[in-house]
Amino acid sequence: MVNITYDASGSIQWMDPDDGTVWTYNPGDIAWVLASTALVWIMIPGVGFFYSGLLRRKNALSMIWASMMTLAVVSFQWFFWGFSLAFSDTADAYIGDLRYFGLKGVLEKPSIGSTRVPSIVFCVFQLMFAAITPILAIGAIAERGRLGPIMVFVFIWTTIVYDPIACWTWNSNGWSFKLGGLDFAGGTPVHISSGTAALAISIYLGKRRGYGTERLAYKPHNTTYVVLGTVLLWFGWFGFNGGSALAANLRAVQACIVTNLAASVGGLTWMLWDYRLERKWSAVGFCSGAIAGLVAITPASGYVGSPAAVLFGFMAGTLCNFATQLKFVFGYDDCLDIFASHAVGGIIGNVLTALFAQASIVGFDGGVSTPIPGGWLDHHYIQLGYQIADSVAGLSYSFVMTTVILWIMHFIPGLRLRASEEAEILGIDDAEMGEFAYDYVGIDLGASGHEYQDDTHSHGVVPATAGGREPRHVHKTVHDASSVEGSDLEKRDAVAVQ
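Just so it is clear, the model here is predicted, and its values are computed rather than measured.

Peer 1: I keep staring at the overall build of the protein chain and nothing clicks. Help me out?
Peer 2: Each helix and strand counted, the protein chain has 17 helices and three strands in total. For the protein chain, the residues scored as buried account for 56% of the 498 residues in total. Considering only residue pairs separated by 6 or more positions, the protein chain has 74% of its internal contacts joining residues 24 or more positions apart. Carbon together with sulfur atoms contributes 65% to the accessible area of the protein chain, which is approximately 19,300 Å² in total.

Peer 1: Any chance you could explain the packing of aromatic side chains here in plain terms?
Peer 2: Each aromatic ring pair is summarised here by two numbers: the centre-to-centre distance and the angle between the ring planes. Counted under the stated rule, the structure contains 31 aromatic pairs. Measuring from ring centre to ring centre gives 5.5 Å for Phe76 and Phe80, while their planes differ by 20 degrees; the resulting arrangement is stacked. With Phe76 and Phe80 both in helix H2 (residues 60-87) and four residues apart, this pair spans about one turn of that helix. Looking at Phe76, the relative accessible area reads 45%, which means it is partly exposed. The class of Phe80 is partly exposed, set by a relative accessible area of 25%. With a centroid separation of 4.0 Å and an interplanar angle of 15 degrees, the aromatic rings of Tyr275 and Trp281 are classed as stacked. With relative accessibility at 25%, the residue Tyr275 sits in the partly exposed group. Ring-pair connections join several aromatic residues into one group, and the members of that group are Phe76, Phe79, Phe80, Trp81, Phe101 and Phe155.

Peer 1: Looking at this structure, I do not really get empty space enclosed by the protein. What am I missing?
Peer 2: Leftover empty space is mapped by rolling, across the atoms, a probe with the size of a water molecule. All chains considered together, the criterion is met by three cavities of 30 Å³ or more. Here the largest cavity is characterised by a volume of approximately 100 Å³. What lines the largest cavity is a set of 15 residues, among which Tyr51, Leu136, Leu233, Ile291 and His342 lie closest to the centre. Taken together, the elements giving at least two residues each to the lining of the largest cavity come down to helix H1 (27-54), helix H3 (119-138), helix H7 (223-242) and helix H12 (338-356). Sort the elements by how many residues they give to the lining of the largest cavity and H1 lands first, with four residues. Looking at the lining of the largest cavity residue by residue, the class counts come to 11 nonpolar, three polar and one charged.

Peer 1: It is not clear to me how the packing of H3 against helix H6 (residues 187-205) should be interpreted in this structure. Could you clarify?
Peer 2: A pair of packed helices can be characterised by two numbers: the angle between their axes and the separation between those axes. Between H3 and H6, the least distance of the axes is 7 Å, while the angle of their chain directions is 30 degrees. Relative to H6, the element H3 is oriented roughly parallel. At the point where H3 passes H6, the crossing takes the right-handed sense. Residues Phe129, Ile132, Thr133, Leu136, Ala137 and Ile138 of H3 touch H6, and the partners they reach there are Pro189, Val190, His191, Ser193, Ser194, Ala197, Ala198 and Ile201. Here the contact of H3 with H6 is built from residues that sort into 10 nonpolar, four polar and no charged.

Peer 1: What exactly am I supposed to notice about the packing of helix H8 (residues 250-278) against helix H10 (residues 306-323) here?
Peer 2: Between H8 and H10, whose axes approach to 7 Å, the crossing angle comes to 35 degrees. Both H8 and H10 take part in a crossing whose hand is right-handed. Where H8 approaches H10, its residues Gln254, Ile257, Val258, Leu261, Ala262, Val265, Gly266, Thr269, Trp270, Trp273, Asp274 and Arg276 are matched on the opposing element by Ser306, Ala309, Val310, Gly313, Phe314, Gly317, Thr318, Cys320, Asn321 and Phe322. For the contact of H8 with H10, the class distribution of residues is 12 nonpolar, eight polar and two charged.

Peer 1: Looking at this model, I keep getting lost on a nonpolar patch on the surface. Mind explaining?
Peer 2: A cluster of nonpolar side chains, namely Val2, Ile4, Tyr6, Leu107 and Ile120, defines an oily patch on the protein surface of about 410 Å² accessible area. Position of Ile120 among the secondary structure elements: in helix H3.

The rules behind the values
- Residues numbered from 1 in each chain as written.
- Predicted model: local features only at pLDDT ≥ 70, side-chain atom pairs only at ≥ 80, totals over all residues.
- Heavy atoms only, no water.
- Helix = DSSP H or I, 4+ residues; strand = E, 2+ residues; numbered from the N terminus.
- Buried < 20%, exposed > 50% of the residue type's maximum accessible area, 1.4 Å probe, protein only.
- Contact = heavy atoms within 4.5 Å.
- Areas by Shrake-Rupley, 256 points an atom, 1.4 Å probe, with all protein chains shown as cover.
- Phe/Tyr/Trp six-rings, centres within 6.5 Å; stacked < 30°, edge-to-face > 60°.
- 1 Å grid on protein atoms, 1.4 Å probe; cavity = no way out; pocket = protein on both sides within 12 Å on 5 of 7 lines; lining within 4 Å.
- Points joined across faces, edges and corners; volume = space filled by probe spheres on them.
- Nonpolar A, V, L, I, M, F, W, Y, C, P; charged D, E, K, R; others polar.
- Axes fitted to C-alpha atoms, helices over the stretch in contact; angles between N-to-C directions.
- Parallel < 35°, antiparallel > 145°, perpendicular 65-115°, else oblique.
- Left-handed = near helix turned anticlockwise from the far one by under 90°.
- Patch = residues over 30% accessible without salt bridge, like charges linked within 9 Å, V, L, I, M, F, W, Y side chains within 5 Å.
- Salt bridge = Lys/Arg side-chain N within 4 Å of Asp/Glu carboxyl O.

Below, the structure is given as C-alpha coordinates:
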(Lines give C-alpha, C1' and ligand atoms only; values in the text may rest on other atoms or scores of the structure.)
Protein backbone atom coordinates (compact mmCIF):
# COMPACT_ATOMS: atom_id res chain seq x y z
CA MET A 1 0.00 0.00 0.00
CA VAL A 2 1.27 3.46 -0.90
CA ASN A 3 2.31 5.31 2.24
CA ILE A 4 0.97 8.82 1.56
CA THR A 5 -0.93 11.31 3.69
CA TYR A 6 -2.40 14.78 3.22
CA ASP A 7 -1.57 17.84 5.28
CA ALA A 8 -4.00 20.56 6.34
CA SER A 9 -3.59 22.40 3.03
CA GLY A 10 -4.41 19.29 1.00
CA SER A 11 -0.86 18.71 -0.19
CA ILE A 12 0.31 15.12 -0.62
CA GLN A 13 2.99 13.92 1.76
CA TRP A 14 5.17 10.85 1.40
CA MET A 15 7.75 9.66 3.92
CA ASP A 16 10.81 7.89 2.60
CA PRO A 17 11.04 4.67 4.66
CA ASP A 18 14.82 4.56 4.23
CA ASP A 19 15.75 7.85 5.86
CA GLY A 20 12.46 9.24 7.18
CA THR A 21 12.50 12.28 4.88
CA VAL A 22 9.03 13.69 4.26
CA TRP A 23 8.37 14.89 0.72
CA THR A 24 5.46 17.24 -0.03
CA TYR A 25 3.73 17.46 -3.41
CA ASN A 26 1.50 20.42 -4.13
CA PRO A 27 -1.71 19.34 -5.95
CA GLY A 28 -1.51 22.49 -8.06
CA ASP A 29 1.90 21.47 -9.40
CA ILE A 30 0.65 17.97 -10.18
CA ALA A 31 -2.45 19.35 -11.87
CA TRP A 32 -0.40 21.69 -14.06
CA VAL A 33 1.98 18.95 -15.17
CA LEU A 34 -0.92 16.58 -15.93
CA ALA A 35 -2.68 19.33 -17.90
CA SER A 36 0.56 19.95 -19.77
CA THR A 37 0.73 16.23 -20.51
CA ALA A 38 -2.64 16.47 -22.24
CA LEU A 39 -1.51 19.59 -24.12
CA VAL A 40 1.55 17.81 -25.47
CA TRP A 41 -0.60 14.79 -26.37
CA ILE A 42 -2.74 16.91 -28.69
CA MET A 43 0.42 18.04 -30.49
CA ILE A 44 0.98 14.51 -31.81
CA PRO A 45 -2.07 14.37 -34.10
CA GLY A 46 -1.29 18.04 -34.77
CA VAL A 47 1.95 16.94 -36.43
CA GLY A 48 -0.05 14.42 -38.44
CA PHE A 49 -2.48 17.03 -39.74
CA PHE A 50 0.34 19.52 -40.44
CA TYR A 51 2.28 16.96 -42.50
CA SER A 52 -0.87 15.61 -44.16
CA GLY A 53 -1.91 19.01 -45.46
CA LEU A 54 1.47 19.58 -47.10
CA LEU A 55 1.32 16.37 -49.15
CA ARG A 56 -0.72 15.18 -52.12
CA ARG A 57 -4.19 13.93 -51.24
CA LYS A 58 -3.41 10.32 -52.17
CA ASN A 59 -0.89 10.24 -49.29
CA ALA A 60 -2.77 12.40 -46.80
CA LEU A 61 -4.18 9.76 -44.48
CA SER A 62 -0.88 7.94 -43.96
CA MET A 63 0.64 10.82 -42.02
CA ILE A 64 -2.34 11.11 -39.69
CA TRP A 65 -2.18 7.35 -39.18
CA ALA A 66 1.55 7.56 -38.51
CA SER A 67 1.04 10.13 -35.75
CA MET A 68 -1.36 7.93 -33.79
CA MET A 69 0.63 4.78 -34.48
CA THR A 70 3.75 6.45 -33.09
CA LEU A 71 1.92 7.44 -29.93
CA ALA A 72 0.80 3.86 -29.39
CA VAL A 73 4.18 2.25 -30.09
CA VAL A 74 6.13 4.68 -27.94
CA SER A 75 3.59 4.40 -25.10
CA PHE A 76 4.39 0.71 -24.91
CA GLN A 77 8.11 1.26 -25.36
CA TRP A 78 8.13 3.86 -22.58
CA PHE A 79 6.34 1.48 -20.22
CA PHE A 80 8.54 -1.44 -21.25
CA TRP A 81 11.96 0.13 -20.79
CA GLY A 82 12.08 3.60 -22.31
CA PHE A 83 11.51 5.57 -19.12
CA SER A 84 14.10 3.50 -17.28
CA LEU A 85 16.70 3.93 -20.03
CA ALA A 86 16.23 7.69 -20.03
CA PHE A 87 15.55 8.56 -16.40
CA SER A 88 16.73 5.87 -14.02
CA ASP A 89 18.60 7.53 -11.17
CA THR A 90 21.35 4.92 -11.48
CA ALA A 91 22.11 5.85 -15.10
CA ASP A 92 25.61 6.43 -16.38
CA ALA A 93 26.67 9.46 -18.42
CA TYR A 94 25.13 8.05 -21.59
CA ILE A 95 22.11 5.87 -20.86
CA GLY A 96 20.12 4.47 -17.97
CA ASP A 97 19.70 0.90 -16.82
CA LEU A 98 16.62 -1.29 -16.36
CA ARG A 99 15.97 -0.38 -12.74
CA TYR A 100 12.47 0.82 -13.62
CA PHE A 101 11.73 -1.89 -16.19
CA GLY A 102 7.98 -2.13 -16.69
CA LEU A 103 7.65 1.01 -14.50
CA LYS A 104 8.42 -1.05 -11.42
CA GLY A 105 8.92 1.34 -8.51
CA VAL A 106 7.67 4.36 -10.46
CA LEU A 107 4.97 5.94 -8.34
CA GLU A 108 5.21 8.08 -5.23
CA LYS A 109 8.94 8.80 -4.98
CA PRO A 110 10.25 12.26 -5.94
CA SER A 111 11.01 12.39 -9.65
CA ILE A 112 14.50 12.78 -11.03
CA GLY A 113 13.28 15.86 -12.91
CA SER A 114 11.96 17.73 -9.88
CA THR A 115 11.14 16.93 -6.30
CA ARG A 116 7.97 19.00 -6.71
CA VAL A 117 6.16 16.12 -8.45
CA PRO A 118 6.17 12.33 -7.91
CA SER A 119 7.93 10.11 -10.41
CA ILE A 120 4.73 8.73 -11.97
CA VAL A 121 3.64 12.26 -12.95
CA PHE A 122 7.05 13.04 -14.43
CA CYS A 123 6.96 9.70 -16.25
CA VAL A 124 3.70 10.33 -18.10
CA PHE A 125 4.72 13.90 -18.92
CA GLN A 126 8.02 12.78 -20.44
CA LEU A 127 6.22 10.02 -22.35
CA MET A 128 4.64 12.68 -24.54
CA PHE A 129 8.06 14.10 -25.45
CA ALA A 130 9.26 10.61 -26.33
CA ALA A 131 6.15 10.05 -28.47
CA ILE A 132 6.21 13.28 -30.45
CA THR A 133 9.88 13.04 -31.40
CA PRO A 134 9.66 10.00 -33.74
CA ILE A 135 6.62 11.33 -35.60
CA LEU A 136 8.55 14.52 -36.34
CA ALA A 137 11.29 12.35 -37.85
CA ILE A 138 9.22 9.83 -39.80
CA GLY A 139 7.48 12.54 -41.76
CA ALA A 140 10.49 11.93 -44.01
CA ILE A 141 8.87 8.71 -45.28
CA ALA A 142 6.06 10.77 -46.81
CA GLU A 143 4.81 9.52 -50.17
CA ARG A 144 7.39 6.73 -50.46
CA GLY A 145 7.66 4.77 -47.20
CA ARG A 146 6.07 1.50 -46.10
CA LEU A 147 3.93 1.71 -43.00
CA GLY A 148 4.50 -1.74 -41.49
CA PRO A 149 8.29 -1.47 -41.12
CA ILE A 150 7.96 2.07 -39.75
CA MET A 151 6.34 0.68 -36.58
CA VAL A 152 9.43 -1.45 -35.98
CA PHE A 153 11.66 1.50 -36.77
CA VAL A 154 9.88 3.75 -34.24
CA PHE A 155 10.38 1.24 -31.41
CA ILE A 156 14.07 0.72 -32.23
CA TRP A 157 14.81 4.39 -32.88
CA THR A 158 13.20 5.54 -29.65
CA THR A 159 15.28 3.00 -27.73
CA ILE A 160 18.64 3.55 -29.42
CA VAL A 161 18.49 7.24 -30.34
CA TYR A 162 15.95 9.18 -28.30
CA ASP A 163 16.44 7.56 -24.90
CA PRO A 164 20.23 8.06 -24.74
CA ILE A 165 20.01 11.69 -25.89
CA ALA A 166 17.24 12.38 -23.35
CA CYS A 167 19.38 10.74 -20.68
CA TRP A 168 22.52 12.74 -21.31
CA THR A 169 20.51 15.98 -21.60
CA TRP A 170 18.00 15.79 -18.72
CA ASN A 171 19.11 13.02 -16.40
CA SER A 172 21.22 14.45 -13.57
CA ASN A 173 23.82 11.76 -14.32
CA GLY A 174 24.06 12.63 -18.03
CA TRP A 175 27.28 14.05 -19.43
CA SER A 176 25.67 17.14 -20.98
CA PHE A 177 23.69 17.86 -17.82
CA LYS A 178 26.85 17.65 -15.73
CA LEU A 179 28.83 19.68 -18.26
CA GLY A 180 26.37 22.54 -17.87
CA GLY A 181 24.35 22.33 -21.08
CA LEU A 182 21.05 24.23 -20.95
CA ASP A 183 18.07 22.63 -22.63
CA PHE A 184 14.79 23.44 -20.94
CA ALA A 185 12.32 21.51 -23.09
CA GLY A 186 14.02 19.56 -25.86
CA GLY A 187 16.16 21.47 -28.35
CA THR A 188 18.51 18.51 -28.75
CA PRO A 189 16.52 15.43 -27.62
CA VAL A 190 13.38 16.37 -29.56
CA HIS A 191 14.21 18.72 -32.41
CA ILE A 192 17.83 18.20 -33.41
CA SER A 193 17.49 14.44 -33.06
CA SER A 194 14.27 14.23 -35.08
CA GLY A 195 15.35 16.70 -37.75
CA THR A 196 18.64 14.93 -38.29
CA ALA A 197 16.92 11.53 -38.33
CA ALA A 198 14.60 12.89 -41.03
CA LEU A 199 17.65 13.85 -43.07
CA ALA A 200 19.08 10.34 -42.70
CA ILE A 201 15.74 8.79 -43.70
CA SER A 202 15.45 11.08 -46.73
CA ILE A 203 18.93 10.14 -47.92
CA TYR A 204 18.31 6.44 -47.35
CA LEU A 205 14.94 6.37 -49.14
CA GLY A 206 16.16 8.38 -52.10
CA LYS A 207 14.11 10.71 -54.21
CA ARG A 208 10.42 10.32 -54.94
CA ARG A 209 9.29 9.33 -58.40
CA GLY A 210 9.40 12.39 -60.62
CA TYR A 211 11.71 14.39 -58.38
CA GLY A 212 12.99 17.51 -60.14
CA THR A 213 10.20 17.46 -62.74
CA GLU A 214 6.75 18.98 -63.03
CA ARG A 215 5.28 15.87 -61.43
CA LEU A 216 6.25 17.12 -57.97
CA ALA A 217 5.53 20.80 -58.62
CA TYR A 218 2.39 20.74 -56.50
CA LYS A 219 0.86 22.94 -53.86
CA PRO A 220 -0.02 21.54 -50.40
CA HIS A 221 -3.25 19.70 -51.05
CA ASN A 222 -5.08 21.02 -47.95
CA THR A 223 -3.89 24.28 -46.45
CA THR A 224 -6.67 24.06 -43.89
CA TYR A 225 -5.02 20.92 -42.49
CA VAL A 226 -1.72 22.81 -42.30
CA VAL A 227 -3.38 25.59 -40.31
CA LEU A 228 -5.23 23.10 -38.10
CA GLY A 229 -1.99 21.25 -37.37
CA THR A 230 -0.28 24.53 -36.51
CA VAL A 231 -3.13 25.49 -34.18
CA LEU A 232 -2.86 22.18 -32.32
CA LEU A 233 0.92 22.44 -32.13
CA TRP A 234 0.96 26.06 -30.97
CA PHE A 235 -1.75 25.31 -28.40
CA GLY A 236 0.07 22.24 -27.11
CA TRP A 237 3.43 24.00 -26.97
CA PHE A 238 2.25 25.93 -23.91
CA GLY A 239 2.32 22.58 -22.11
CA PHE A 240 5.47 21.48 -23.91
CA ASN A 241 7.50 24.44 -22.64
CA GLY A 242 5.43 25.72 -19.73
CA GLY A 243 4.99 22.23 -18.30
CA SER A 244 8.74 21.67 -18.35
CA ALA A 245 8.97 23.89 -15.28
CA LEU A 246 7.39 20.87 -13.54
CA ALA A 247 5.50 23.20 -11.23
CA ALA A 248 2.83 25.90 -11.39
CA ASN A 249 5.07 28.89 -10.83
CA LEU A 250 6.27 32.12 -12.44
CA ARG A 251 8.92 30.29 -14.44
CA ALA A 252 6.19 28.27 -16.14
CA VAL A 253 4.35 31.49 -16.94
CA GLN A 254 7.52 33.05 -18.35
CA ALA A 255 8.04 29.97 -20.53
CA CYS A 256 4.52 30.38 -21.91
CA ILE A 257 5.06 34.09 -22.62
CA VAL A 258 8.27 33.59 -24.61
CA THR A 259 6.81 30.57 -26.39
CA ASN A 260 3.88 32.55 -27.76
CA LEU A 261 6.06 35.55 -28.63
CA ALA A 262 8.68 33.55 -30.52
CA ALA A 263 5.99 31.71 -32.49
CA SER A 264 4.29 34.98 -33.43
CA VAL A 265 7.48 36.68 -34.60
CA GLY A 266 8.65 33.56 -36.40
CA GLY A 267 5.40 33.27 -38.33
CA LEU A 268 5.40 36.90 -39.38
CA THR A 269 9.07 36.78 -40.36
CA TRP A 270 8.75 33.68 -42.58
CA MET A 271 5.60 35.04 -44.21
CA LEU A 272 7.30 38.34 -45.01
CA TRP A 273 10.31 36.60 -46.53
CA ASP A 274 7.95 34.61 -48.76
CA TYR A 275 6.00 37.75 -49.66
CA ARG A 276 9.08 39.29 -51.22
CA LEU A 277 9.08 36.48 -53.81
CA GLU A 278 5.42 35.83 -54.56
CA ARG A 279 3.71 39.04 -53.41
CA LYS A 280 1.20 36.74 -51.68
CA TRP A 281 0.36 36.46 -47.99
CA SER A 282 0.99 32.75 -47.51
CA ALA A 283 -0.82 30.86 -44.75
CA VAL A 284 1.62 27.98 -45.23
CA GLY A 285 4.52 30.40 -44.87
CA PHE A 286 3.10 31.84 -41.66
CA CYS A 287 2.51 28.36 -40.20
CA SER A 288 6.01 27.22 -41.16
CA GLY A 289 7.55 30.25 -39.47
CA ALA A 290 5.46 29.81 -36.33
CA ILE A 291 6.68 26.23 -36.01
CA ALA A 292 10.28 27.35 -36.56
CA GLY A 293 9.91 29.96 -33.82
CA LEU A 294 8.45 27.40 -31.45
CA VAL A 295 11.29 25.00 -32.16
CA ALA A 296 13.96 27.64 -31.54
CA ILE A 297 12.51 28.88 -28.25
CA THR A 298 12.10 25.35 -26.86
CA PRO A 299 15.57 24.91 -25.29
CA ALA A 300 15.57 28.49 -24.02
CA SER A 301 12.01 28.91 -22.78
CA GLY A 302 12.88 28.55 -19.09
CA TYR A 303 16.05 30.63 -19.30
CA VAL A 304 15.42 33.78 -21.36
CA GLY A 305 13.42 36.98 -21.04
CA SER A 306 10.71 38.26 -23.35
CA PRO A 307 12.91 40.63 -25.42
CA ALA A 308 15.17 37.73 -26.35
CA ALA A 309 12.15 35.75 -27.58
CA VAL A 310 11.65 38.32 -30.35
CA LEU A 311 15.15 37.62 -31.65
CA PHE A 312 14.60 33.86 -31.37
CA GLY A 313 11.51 34.15 -33.55
CA PHE A 314 13.15 36.42 -36.10
CA MET A 315 16.28 34.30 -36.45
CA ALA A 316 14.30 31.07 -36.72
CA GLY A 317 11.87 32.53 -39.25
CA THR A 318 14.77 33.77 -41.35
CA LEU A 319 17.37 31.01 -41.13
CA CYS A 320 14.93 28.10 -41.27
CA ASN A 321 13.27 29.68 -44.30
CA PHE A 322 16.57 29.84 -46.17
CA ALA A 323 17.55 26.39 -44.90
CA THR A 324 14.71 24.92 -46.96
CA GLN A 325 17.00 25.45 -49.96
CA LEU A 326 19.60 23.03 -48.59
CA LYS A 327 17.75 20.09 -50.12
CA PHE A 328 18.37 21.54 -53.58
CA VAL A 329 22.01 22.33 -52.84
CA PHE A 330 22.77 18.81 -51.59
CA GLY A 331 20.23 16.88 -53.62
CA TYR A 332 18.15 15.08 -50.97
CA ASP A 333 14.36 14.86 -51.02
CA ASP A 334 13.08 16.16 -47.68
CA CYS A 335 9.63 17.07 -48.96
CA LEU A 336 8.37 18.37 -45.59
CA ASP A 337 11.53 20.38 -44.77
CA ILE A 338 11.89 18.61 -41.44
CA PHE A 339 15.65 19.07 -41.28
CA ALA A 340 15.34 22.80 -42.06
CA SER A 341 12.61 23.39 -39.47
CA HIS A 342 13.63 21.12 -36.62
CA ALA A 343 17.36 20.40 -36.82
CA VAL A 344 18.34 23.89 -37.96
CA GLY A 345 15.74 25.45 -35.65
CA GLY A 346 17.01 23.40 -32.71
CA ILE A 347 20.60 24.47 -33.36
CA ILE A 348 19.54 28.11 -33.58
CA GLY A 349 17.73 27.75 -30.26
CA ASN A 350 20.66 26.07 -28.53
CA VAL A 351 23.17 28.68 -29.70
CA LEU A 352 20.95 31.63 -28.82
CA THR A 353 20.32 30.08 -25.39
CA ALA A 354 24.04 30.37 -24.74
CA LEU A 355 23.86 34.07 -25.49
CA PHE A 356 20.67 35.09 -23.71
CA ALA A 357 20.16 32.66 -20.79
CA GLN A 358 19.87 34.52 -17.48
CA ALA A 359 20.34 33.18 -13.99
CA SER A 360 17.60 35.51 -12.79
CA ILE A 361 14.97 33.78 -14.96
CA VAL A 362 15.69 30.45 -13.30
CA GLY A 363 14.99 32.15 -9.97
CA PHE A 364 11.38 32.67 -11.06
CA ASP A 365 10.62 29.21 -9.66
CA GLY A 366 11.46 30.35 -6.16
CA GLY A 367 14.84 28.67 -5.95
CA VAL A 368 13.54 25.13 -6.50
CA SER A 369 15.83 24.48 -9.49
CA THR A 370 19.60 24.35 -9.35
CA PRO A 371 21.00 27.84 -10.02
CA ILE A 372 22.81 28.36 -13.32
CA PRO A 373 25.66 30.75 -14.18
CA GLY A 374 23.67 32.02 -17.18
CA GLY A 375 24.91 32.82 -20.66
CA TRP A 376 26.67 35.72 -22.33
CA LEU A 377 24.28 38.27 -20.83
CA ASP A 378 25.60 37.12 -17.45
CA HIS A 379 29.21 37.11 -18.76
CA HIS A 380 29.37 33.32 -18.75
CA TYR A 381 31.00 32.96 -22.14
CA ILE A 382 31.93 29.26 -21.96
CA GLN A 383 28.22 28.46 -22.17
CA LEU A 384 28.38 28.79 -25.95
CA GLY A 385 30.91 25.96 -26.04
CA TYR A 386 28.64 23.76 -23.94
CA GLN A 387 25.68 24.43 -26.22
CA ILE A 388 27.63 23.74 -29.40
CA ALA A 389 29.05 20.52 -27.95
CA ASP A 390 25.57 19.31 -27.04
CA SER A 391 24.16 20.24 -30.46
CA VAL A 392 26.94 18.57 -32.42
CA ALA A 393 26.74 15.45 -30.28
CA GLY A 394 22.99 15.14 -30.74
CA LEU A 395 23.13 15.82 -34.47
CA SER A 396 25.96 13.41 -35.23
CA TYR A 397 24.69 10.65 -32.96
CA SER A 398 21.17 10.80 -34.39
CA PHE A 399 22.35 10.83 -38.00
CA VAL A 400 24.79 7.95 -37.63
CA MET A 401 22.55 5.71 -35.52
CA THR A 402 19.48 6.37 -37.67
CA THR A 403 21.45 5.43 -40.77
CA VAL A 404 22.70 2.26 -39.11
CA ILE A 405 19.18 1.25 -38.06
CA LEU A 406 17.82 1.86 -41.56
CA TRP A 407 20.46 -0.22 -43.29
CA ILE A 408 20.20 -3.10 -40.85
CA MET A 409 16.44 -3.16 -41.44
CA HIS A 410 17.11 -2.93 -45.18
CA PHE A 411 18.66 -6.40 -45.18
CA ILE A 412 16.04 -8.02 -42.95
CA PRO A 413 13.23 -9.58 -45.02
CA GLY A 414 10.01 -7.62 -44.71
CA LEU A 415 11.54 -4.59 -42.97
CA ARG A 416 12.79 -2.60 -45.94
CA LEU A 417 11.34 0.89 -45.62
CA ARG A 418 11.14 1.97 -49.27
CA ALA A 419 7.77 1.49 -50.95
CA SER A 420 7.56 0.16 -54.49
CA GLU A 421 7.11 2.42 -57.49
CA GLU A 422 3.62 0.97 -57.96
CA ALA A 423 2.67 1.96 -54.41
CA GLU A 424 4.07 5.42 -54.97
CA ILE A 425 1.98 5.83 -58.14
CA LEU A 426 -1.17 4.54 -56.51
CA GLY A 427 -0.60 6.46 -53.31
CA ILE A 428 0.50 5.18 -49.91
CA ASP A 429 -3.03 5.49 -48.50
CA ASP A 430 -4.50 3.03 -50.98
CA ALA A 431 -1.44 0.80 -51.38
CA GLU A 432 -0.63 0.40 -47.70
CA MET A 433 -3.95 1.10 -45.96
CA GLY A 434 -6.75 0.55 -48.46
CA GLU A 435 -8.35 3.70 -47.04
CA PHE A 436 -8.50 7.33 -48.07
CA ALA A 437 -8.55 10.75 -46.45
CA TYR A 438 -11.36 11.79 -48.81
CA ASP A 439 -14.15 10.18 -50.80
CA TYR A 440 -12.36 11.02 -54.05
CA VAL A 441 -8.65 10.54 -54.67
CA GLY A 442 -7.17 11.25 -58.09
CA ILE A 443 -5.15 8.50 -59.73
CA ASP A 444 -1.71 9.13 -61.10
CA LEU A 445 -2.01 8.20 -64.77
CA GLY A 446 1.61 8.90 -65.58
CA ALA A 447 2.48 5.23 -65.66
CA SER A 448 0.01 4.61 -68.52
CA GLY A 449 1.37 7.27 -70.81
CA HIS A 450 -0.85 10.22 -69.86
CA GLU A 451 0.57 13.63 -69.11
CA TYR A 452 -1.90 14.13 -66.28
CA GLN A 453 -0.88 13.65 -62.69
CA ASP A 454 -3.01 13.95 -59.59
CA ASP A 455 -2.86 16.78 -57.11
CA THR A 456 -0.82 19.07 -59.30
CA HIS A 457 -2.01 22.54 -60.09
CA SER A 458 -0.62 22.61 -63.59
CA HIS A 459 -0.75 20.65 -66.83
CA GLY A 460 1.80 20.01 -69.49
CA VAL A 461 5.34 21.33 -69.32
CA VAL A 462 5.81 23.09 -65.99
CA PRO A 463 9.12 24.09 -64.38
CA ALA A 464 10.02 22.11 -61.30
CA THR A 465 9.51 23.71 -57.95
CA ALA A 466 12.13 26.25 -56.98
CA GLY A 467 11.97 25.46 -53.29
CA GLY A 468 10.10 26.32 -50.16
CA ARG A 469 6.86 24.77 -49.04
CA GLU A 470 4.91 26.14 -52.02
CA PRO A 471 6.24 25.95 -55.59
CA ARG A 472 5.58 28.42 -58.34
CA HIS A 473 1.99 28.18 -59.53
CA VAL A 474 1.28 28.14 -63.26
CA HIS A 475 -2.23 28.90 -64.51
CA LYS A 476 -3.47 27.25 -67.69
CA THR A 477 -6.49 27.75 -69.90
CA VAL A 478 -8.72 25.02 -71.31
CA HIS A 479 -7.99 24.03 -74.89
CA ASP A 480 -10.30 22.27 -77.29
CA ALA A 481 -9.70 18.57 -77.53
CA SER A 482 -10.73 16.08 -80.18
CA SER A 483 -11.56 13.38 -77.68
CA VAL A 484 -13.98 13.49 -74.79
CA GLU A 485 -11.44 11.88 -72.49
CA GLY A 486 -8.74 14.41 -73.24
CA SER A 487 -11.16 17.26 -72.82
CA ASP A 488 -12.33 15.98 -69.43
CA LEU A 489 -8.78 15.71 -68.15
CA GLU A 490 -7.89 19.22 -69.24
CA LYS A 491 -11.10 20.66 -67.86
CA ARG A 492 -10.54 18.95 -64.53
CA ASP A 493 -7.00 20.26 -64.37
CA ALA A 494 -8.07 23.76 -65.35
CA VAL A 495 -10.61 23.82 -62.54
CA ALA A 496 -7.88 22.80 -60.08
CA VAL A 497 -5.76 25.86 -60.85
CA GLN A 498 -8.49 28.48 -60.87
